[in-house]
Amino acid sequence: TPPEDSLILIFGASGDLTKRKLIPALFELWKNGQAPENFAILGVSRSRYTDDEYRDACGNFDGNDLASDPRWAEFRDLVHYEASDATAAEGWPSIKQRIRTLSEAHRTGQNLLFYLSLAPQFFEPVIVNIGNNGLVTEGKKYCTIDTQRPPWQRIVIEKPFGSDPGSAAHLNRVLAQVFDEDAIYRIDHYLGKELVQNLMVLRFANSLFEPIWNHRYIDHVQITASETVGVEGRGAYYDSPSGGAMRDMVQSHLLQVASIVAMEPPITLDAEDVRTEKVKVFKALRVPRAEDVPEIAVRGQYGEGSVKGERYPAYRSEEGTDPGSQTDTFAAVKFHVDTWRWGNTPFYLRSGKAMAQKKTEIVIYLKPTPHALFREQAMRARPNQIVISVQPNPGIRLRFEGKKPGIGLNIKDVVMDFDYEESWRASPPDGYASLLFDCLRGDQTNYKHRDEIQSSWNACQPILDYWDENPAEDLPNYNAGTWGPSAADVMMAKDGRYWRND
Ligand code: BG6
């Protein structure tokens, strides 16, 4: 299916995400001929902008500089703006009026894509207002025996999707009152990243990896998403009950990535088949008992330090944070997927702000050979690793042992390198463009099903509860610019393992 004609309504249009990611992604699709033939964008927010002022604000935003692209002048006419409060009933007559005029002017028919790029407390009132205004005619509210495709209305909802199992379930209920499940697109931009999407290809388009992709050959899996930035002006959100590394990164992005590493091969590539297999992984996540939490989870918070040679303030002195904050700016967790394939193989996930390096990678550590033939050699055999680098330096690298050149038998690890940028002579496209493209075609494969979210919250909540009930006395416990608290290394060392920090 090609992307279908539609009017895209972005709520939270004056926010950073819209200007930094969504408008550039739609511009990219349009330039590449991957946008619908007829489409237009209506940004909605409370800030006062005219259409032209809003176009300028998007075109000149921060580092994006879309305005210097010769094709921007043409694209900007597709962008419109309505200053209105979509959380209040009074805000809607003018929004509906704009929908009518723009759908007609741009010949987009009745297809509507609602994109909620809002702070989480605004999700519910906006969804309720979309429903109350009778804008959703598809699905259960639409009855037709017409063989033509009826118009659709879809909703994309950003994270955070709830801040615990109860609030996530509530949000799912609110959504279900207005939209059918197949019209709900819960976005996770990690699922739009090239190397994450490549995981399925690596596993299921090759016969090389899948035979060893199980507890018999894999010792453990490590997934790291470290960032050098701190909370960057988002202190108030990050320090709220919805913030922290565990909620912001582990519960969402990292468990999503883990589910693709752990899933069974789907029957087909249809969204339903793929998501069915992912849901099974989430359901198989071992829910930790409170008494196990200190053994399987480590929280951290950065203190002052230096990142890439620059002094960095402590988290607690960032704007908007509490001076006695307990918020985790680092989290490391050992998960288990209790299935036949994975047995007791641990999945170690970690993420943190103000760390030594920005990198997202998945490392599959293989077990040692059954017989240690080379134990006498100067350099002993190290475990083979399959390293999937999501960012930076996207690629897939196999580390295995080779013979050192020269007389005598000595071994050393060598690397077989698939470098994405070198091989394809291109940088990976932005994940938002690919996810928006999918949504415009009605493909939910790379969006989260409600059951995935629910089960991932269930697996994380005991850890969050334990942390709430047992404040840490040692925070801050790592210096900005390092690899996180030593407790995370101790957790690994107790299992005879170590984090891959290079
Ligand atoms: C977001 C988090 O979802 O992902 C941010 O809310 C984080 O805190 C960001 O910085 C990281 O994304 P990326 O694409 O830079 O790895």
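Keep in mind that this is a model prediction, so the values were computed, not measured.

(A) Just empty space enclosed by the protein, in detail. Taken as a whole, this structure holds 2 cavities of 30 Å³ or more when the rule is applied. By volume, the largest cavity is sized at about 60 Å³. In terms of lining, the largest cavity is formed by K159, P160, F161, G162, Y237, R247, D248, Q251, S252, K448, I453 and W457. Only α9 (245-262) and α14 (450-469) provide two or more residues apiece to the lining of the largest cavity. Here the lining of the largest cavity takes 4 residues from α9, the largest share from any one element. A per-class count over the lining of the largest cavity returns 5 nonpolar, 3 polar and 4 charged.

(B) Spatial organisation of the packing of aromatic side chains. Counted by the stated rule, this structure contains 21 aromatic pairs. A centroid spacing of 5.4 Å and a plane angle of 80° characterise the contact between F27 and W72, whose relative ring orientation is edge-to-face. Here F27, found in helix α1 (residues 16-31), pairs with W72, found in helix α3 (residues 72-75); they are 45 residues apart in sequence, far enough to count as distant. Taken individually, F27 and W72 each receive the classification buried, so the pair is uniform in this respect. Summarising the aromatic geometry, the rings of Y49 and Y81 are spaced 5.1 Å apart at their centres and angled 90° between planes, so their arrangement reads as edge-to-face. Taken together, the residues Y49 in the loop between β2 (39-45) and α2 (51-59) and Y81 in strand β3 (residues 79-83) connect sequence positions 32 residues apart. For Y81, a relative accessible area of 2% gives the class buried. Among the aromatic residues, those joined into a ring-pair cluster are Y238, Y302, Y312, Y315, F330 and Y478. Over the aromatic face of W152 sits the side chain of R154, whose NZ or CZ is 3.7 Å from the ring centroid. Over the face of the ring belonging to Y190 we find K193, whose NZ or CZ atom lies 4.7 Å from the ring centre.

(C) Layout of the nonpolar core. Membership of the largest hydrophobic core comes to 106 residues, with the highest contact counts inside it found for F11 and F335. Per-element accounting of this core gives the leading share, 11 residues, to α9. If near-sequence neighbours (up to four positions away) are discounted, F335 is found in contact with M246, V250, L255, L285, T345, P346, F347, L349, A459 and C460. One finds I8, A25, W30 and F39 within the second-largest nonpolar core, a separate group that totals 35 residues.

(D) View of the site of the ligand. What surrounds the ligand is the set K159, H189, Y190, K193, E227, R234, D248, M249, H253, K353, K358 and Q391. Within the side chain of K358, a nitrogen or oxygen atom sits 2.8 Å from an oxygen atom of the ligand. Taken by itself the ligand offers 400 Å² of open surface, and the protein chains cover 79% of this. With 3 residues, the single largest contributor to the shell around the ligand is α9. Partitioned by chemical class, the residues of the shell around the ligand number 2 nonpolar, 3 polar and 7 charged.

(E) Focus on the pattern of salt bridges. Going through the model one piece at a time under the given rule, you end up with 40 salt bridges. For the salt bridge of R289 with E291, the shortest nitrogen-to-oxygen distance reads 3.9 Å. Salt bridges linked by common partners bring D51, D52, R55, D56, R76, E82 and R98 together as one network.

(F) Expanded view of the side chain of E158. Looking at the secondary structure, you find E158 in the loop between β5 (153-157) and α6 (165-178). Ignoring sequence-local partners within four residues, the contact set of E158 consists of L17, Y115, L116, S117, F123, I187 and Y432.

(G) Here's a closer look at the environment of K159. Examined against the element boundaries, K159 turns out to sit in the loop between β5 and α6. Counting along the chain gives 281 residues from K159 to L440, while the straight-line C-alpha distance between them is 19 Å. Dropping the residues within four chain positions of it, K159 is found in contact with F123, I187, D248, S252 and H253.

(H) View of α9. The end-to-end C-alpha separation of α9 is 22 Å, well short of the 26 Å expected for 18 residues at 1.5 Å each. Remark: the principal bend of α9, roughly 35°, maps to L255. Of all 18 residues making up α9, 18 are buried, and the element is well covered by its neighbours.

(I) Spatial organisation of the UniProt feature "active site" (unreviewed entry) in the chain. Under the feature "active site" (unreviewed entry), the UniProt entry names H253. Examined against the element boundaries, H253 turns out to sit in helix α9. When near neighbours in sequence (up to four residues on either side) are disregarded, H253 contacts K159, D188, H189, Y190 and D248.

(J) Spotlight on the environment of S455. Note on placement: S455 falls in helix α14. Each residue touching S455, except ones within four places of it in the same chain, is listed here: F282 and K283.

(K) Geometry of the sheet that holds strand β4 (residues 112-116). If you trace the 6 strands from one edge of the open sheet to the other, you get β3-β2-β1-β4-β5-β6, paired in parallel fashion. Of all the strands in the sheet, the pair left with one neighbour each is β3 and β6 (184-186). The average angle at which neighbouring strand axes cross in this sheet is 20°, direction not considered. With 5 bridges joining them, strand β1 (residues 6-11) and β4 adopt parallel strand pairing. Following the sheet pairing, I10 is matched in β4 by Y115.

(L) Spotlight on the pairing of β1. Burial analysis of β1 places 6 of its 6 residues in the buried class, which makes it a mostly covered element. Here β1 shows two buried faces, one formed by S6, I8 and I10 and the other by L7, L9 and F11. Two strands pair when backbone bridges link them, and β1 and β2 are joined in this way by 6 bridges, in the parallel orientation. Within the sheet, the bridge partner assigned to L7 lies in β2 and is A40. Once you follow β1 into α1 and on to β2, the crossover reads as right-handed.

(M) Spatial organisation of unusual backbone geometry. The peptide bond linking Q391 to P392 adopts the cis configuration, its omega dihedral lying at -15°. Of note, P392 is situated in the loop between β15 (385-391) and β16 (395-403). Put simply, L475 and P476 share a cis peptide bond, and its omega is -5°. Position of P476 among the secondary structure elements: in the loop between α14 and β18 (478-479).

Cut-offs applied
Residues numbered from 1 in each chain as written. Predicted model: local features only at pLDDT ≥ 70, side-chain atom pairs only at ≥ 80, totals over all residues. Heavy atoms only, no water. 1 Å grid on protein atoms, 1.4 Å probe; cavity = no way out; pocket = protein on both sides within 12 Å on 5 of 7 lines; lining within 4 Å. Points joined across faces, edges and corners; volume = space filled by probe spheres on them. Helix = DSSP H or I, 4+ residues; strand = E, 2+ residues; numbered from the N terminus. Nonpolar A, V, L, I, M, F, W, Y, C, P; charged D, E, K, R; others polar. Phe/Tyr/Trp six-rings, centres within 6.5 Å; stacked < 30°, edge-to-face > 60°. Buried < 20%, exposed > 50% of the residue type's maximum accessible area, 1.4 Å probe, protein only. Lys NZ or Arg CZ within 6 Å of the ring centre and 35° of its normal. Core = buried A, V, L, I, M, F, W, Y, C linked by side-chain atoms within 4.5 Å. Contact = heavy atoms within 4.5 Å. Near = heavy atom within 4 Å. Polar contact = N/O pair within 3.5 Å; in protein donor to acceptor, adjacent residues only side chain to side chain. Areas by Shrake-Rupley, 256 points an atom, 1.4 Å probe, with all protein chains shown as cover. Salt bridge = Lys/Arg side-chain N within 4 Å of Asp/Glu carboxyl O. Expected span 1.5 Å × (residues − 1). Bend = angle between axes of the 7 residues up to and from the residue. UniProt positions renumbered as here; feature names shortened; annotations may be inferred. Pairing = 2+ DSSP bridges. Axes fitted to C-alpha atoms, helices over the stretch in contact; angles between N-to-C directions. Right-handed = clockwise from strand over helix to strand, strands pointing away.

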